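What follows is the residue order along each chain.
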Amino acid sequence: MPVESGGPRHVAIIMDGNGRWACARGYPRAHGHKAGAEATRAVVRAAPDLGIRTLTLFAFSSENWRRPGAEVSLLMALFKRTIRREIHELRARGVRLRFIGARERLSPALQADMRRAERLTEANDRLNLLIAVDFGGRWDLVRAARKLARACVDGEQAPDAIDEAALGGATSLADHGGPDLFIRTGGERRISNFLLWDLAYTELYFADTLWPDFDGAALAEAVHWFAGRERRFGAVDEARQC
């Protein structure tokens, strides 16, 4: 796939529609999640060739704990198997894997696998792959506020000096900047508590395609759509004021 001129460097995706994809075919929801994992593999493979340097995927939100216990257990088991299955290919393809979110509620074994995957890929630089697990945009902002509050108490930060840069520097994406392009599959038109701070000037692309059917070609279509957008960040093009 050719690199799109003016394409996004950082793409964030809500991978929605696994359960509906399975139900529409008469399969249990578990089958949809497994098919979704294959779609994730295809998108990760395609991203670097489209000029994407950072890909942030919403794998499991802080609200997803409200799902039935059996489904949560299945998702965690699938997540663990996927890390172990994919880590060597990711390493060989130059992908650096990182996880963002609150890890405390995850099993010790899963946390260990996550740390190992991050360690094995830390020297890679072809694609930064960020997986959001037990993540929520509000959680991220609260965490950032607490971090700054502790710095103020410790005398490392003056309260009056806290500005947008300081708060943004305390969020999970501080090292990567906000996404240029946000994609949500599955037909819903909302951001669902994902990256609330970081999506301020992000282009929003909503696809009706259910996640298991989203592939490299679908990602390329979204990138092409982005390349046609005019991003002004609140400014006005003086040549096109009317």
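That block above? That's the structure.
Reading guide: rules and limits
- Residues numbered from 1 in each chain as written.
- Predicted model: local features only at pLDDT ≥ 70, side-chain atom pairs only at ≥ 80, totals over all residues.
- Heavy atoms only, no water.
- Helix = DSSP H or I, 4+ residues; strand = E, 2+ residues; numbered from the N terminus.
- Rg over C-alpha atoms; globule rule 2.2 N^0.38 Å.
- Contact = heavy atoms within 4.5 Å.
- Areas by Shrake-Rupley, 256 points an atom, 1.4 Å probe, with all protein chains shown as cover.
- Lys, Arg positive; Asp, Glu negative; His and termini not counted.
- Charge placed at Lys NZ, Arg CZ, Asp CG, Glu CD.
- Pairing = 2+ DSSP bridges.
- Axes fitted to C-alpha atoms, helices over the stretch in contact; angles between N-to-C directions.
- Phe/Tyr/Trp six-rings, centres within 6.5 Å; stacked < 30°, edge-to-face > 60°.
- Buried < 20%, exposed > 50% of the residue type's maximum accessible area, 1.4 Å probe, protein only.

(A) Geometry of the overall build of the protein. A count of helical and extended segments in the protein gives seven helices and six strands. Here the C-alpha radius of gyration of the protein, 19 Å, is about what a compact globule of 242 residues would show, namely 18 Å. Counting only C-alpha atoms, the protein reaches 55 × 50 × 35 Å along its principal axes. Restricting the contact set of the protein to residue pairs at least 6 apart, pairs at least 24 apart contribute 75%. Total accessible area on the protein is roughly 12600 Å²; 49% of this is exposed by carbon and sulfur atoms. One finds the centroid of the 36 positive side-chain charges in the protein at a distance of 7 Å from the centroid of its 32 negative side-chain charges.

(B) Spatial organisation of the sheet that holds strand S2 (residues 54-61). Across the sheet, six strands lie side by side as S3-S4-S2-S1-S5-S6; this open sheet has parallel pairing. Looking at the sheet topology across the chains shown, the edges are occupied by strand S3 (95-100) and strand S6 (203-206). On average, each strand axis in the sheet is inclined to that of its neighbour by 20 degrees, with strand direction left out of account. In this structure, strand S5 (residues 181-184) lies alongside S6, joined through four bridges in parallel fashion. Across the sheet, residue Ile183 finds its bridge partner in S6, namely Tyr205.

(C) Unusual backbone geometry, seen in detail. We note that Asn193 has phi near 60 degrees; this positive angle belongs to a residue other than glycine. By secondary structure assignment, the location of Asn193 is in the loop between S5 and S6. One non-glycine residue, Leu195, lies in positive phi territory at about 50 degrees. Counting through the fold element by element, Leu195 comes out in the loop between S5 and S6.

(D) Just the packing of aromatic side chains, in detail. Going through the model one piece at a time under the given rule, you end up with ten aromatic pairs. On the basis of an interplanar angle of 80 degrees and a centroid distance of 5.9 Å, the ring pair of Phe79 and Phe99 is categorised as edge-to-face. Separated by 20 residues along the polypeptide, Phe79 in helix H3 (residues 69-92) and Phe99 in strand S3 bring together distant segments of the chain. On the basis of relative accessible area, Phe79 is assigned to the buried category, the value being 15%. Between Phe182 and Phe206, the ring centres sit 6.0 Å apart and the planes meet at 70 degrees, which makes this aromatic pair edge-to-face. Here Phe182, found in strand S5, pairs with Phe206, found in strand S6; they are 24 residues apart in sequence, far enough to count as distant. Classification of Phe182 as buried rests on a relative accessible area of 0%. Taking the relative accessible area as the measure of exposure, Phe206 reaches 23% and is therefore partly exposed.

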